[in-house]
Amino acid sequence: MPPVVLVHGFLDHPVLLGRMRAHLEARGRTVHVPALASNTGRGGLERLSAHLVTYLDATLSPGEPYDLVGLSMGGIVSRYVLQRLGGRDRVRRFVSISAPHAGTVWARAPLTHGTAQMRPGSAFLRDLDRDVDTLVPLHPVSIWTPYDLTIVPARSAVLPVGTSVPIPVPLHALMAHDGRVLQHVAEALA
């Protein structure tokens, strides 16, 4: 099986994905969890995506396939890598967890360029939606919670292609730890 790359979200750190990493490693997977700098999205999501590609090029063998899992903002960074930076050529499966594919109203707060890119209807998200169907061969899975108070409205976390898996987790931050989410991630990558 190819290695798995887990991509954290806004203001997160790779340690947040420790339980998911352990869950996948217990199933025999090699897991990489890069630390995105800056995790606030300062400089834009394109910059974070380029940082992820640099990490992948330095960590994985040239041309080596991998599976990609993005949590929250990490799901949008992952989409940019897939759709704009050639990642589709190497990625076997793509899973997003509570990623604001259609934006979140909380991104209207004037924090950083990256948060502005996650606003509903932003030019950045509209651009990714233009060719979202190119993700279909990756069998994308959107795991999300209807109780999300960070991705508002919660259904914004559903990618318009692939499989939607709603899991009633009470908080956005718990999505990386919930056993049901971990199980669905492992199944999606099997």
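Note that the coordinates shown come from a computational prediction; the quantities given were computed from them, not determined experimentally.

(A) Looking closely at the overall build of the protein. The number of helices and strands found in the protein is 6 helices and 6 strands. Taken from the N to the C terminus, the helices and strands of the protein come in the order β-α-β-α-β-α-β-α-α-β-β-α. A compact globule built from 190 residues should have a C-alpha radius of gyration of about 16 Å, and the protein, at 15 Å, falls within 12% of that. With the C-alpha coordinates aligned to their principal axes, the bounding extent of the protein is approximately 40 × 35 × 30 Å. Across the 190 residues of the protein, 54% fall into the buried class. Taken as a whole, the protein presents about 8000 Å² of accessible surface, with 59% of it coming from carbon and sulfur. Charge-centre separation for the protein: the mean point of 18 positive side chains lies 3 Å from the mean point of 14 negative side chains.

(B) A look at the nonpolar core. Judged by nonpolar contacts, the single largest core of 29 residues is most densely connected at L45, L52, Y66 and L68. Only β1 (4-7), α2 (45-59), β3 (66-71), α3 (73-84), β4 (91-97) and α5 (123-130) provide two or more residues apiece to this core. In this structure, L45 is in contact with M73, I76, V77, G114, Q117, M118 and F124, ignoring residues within four places of it in sequence. By size, the runner-up hydrophobic cluster in this structure holds 24 residues, among which are V31, V33, I143 and V185.

Quick notes on the rules
- Residues numbered from 1 in each chain as written.
- Predicted model: local features only at pLDDT ≥ 70, side-chain atom pairs only at ≥ 80, totals over all residues.
- Heavy atoms only, no water.
- Helix = DSSP H or I, 4+ residues; strand = E, 2+ residues; numbered from the N terminus.
- Rg over C-alpha atoms; globule rule 2.2 N^0.38 Å.
- Buried < 20%, exposed > 50% of the residue type's maximum accessible area, 1.4 Å probe, protein only.
- Areas by Shrake-Rupley, 256 points an atom, 1.4 Å probe, with all protein chains shown as cover.
- Lys, Arg positive; Asp, Glu negative; His and termini not counted.
- Charge placed at Lys NZ, Arg CZ, Asp CG, Glu CD.
- Core = buried A, V, L, I, M, F, W, Y, C linked by side-chain atoms within 4.5 Å.
- Contact = heavy atoms within 4.5 Å.

From the geometry alone we can't say anything about function, so treat these as descriptive.
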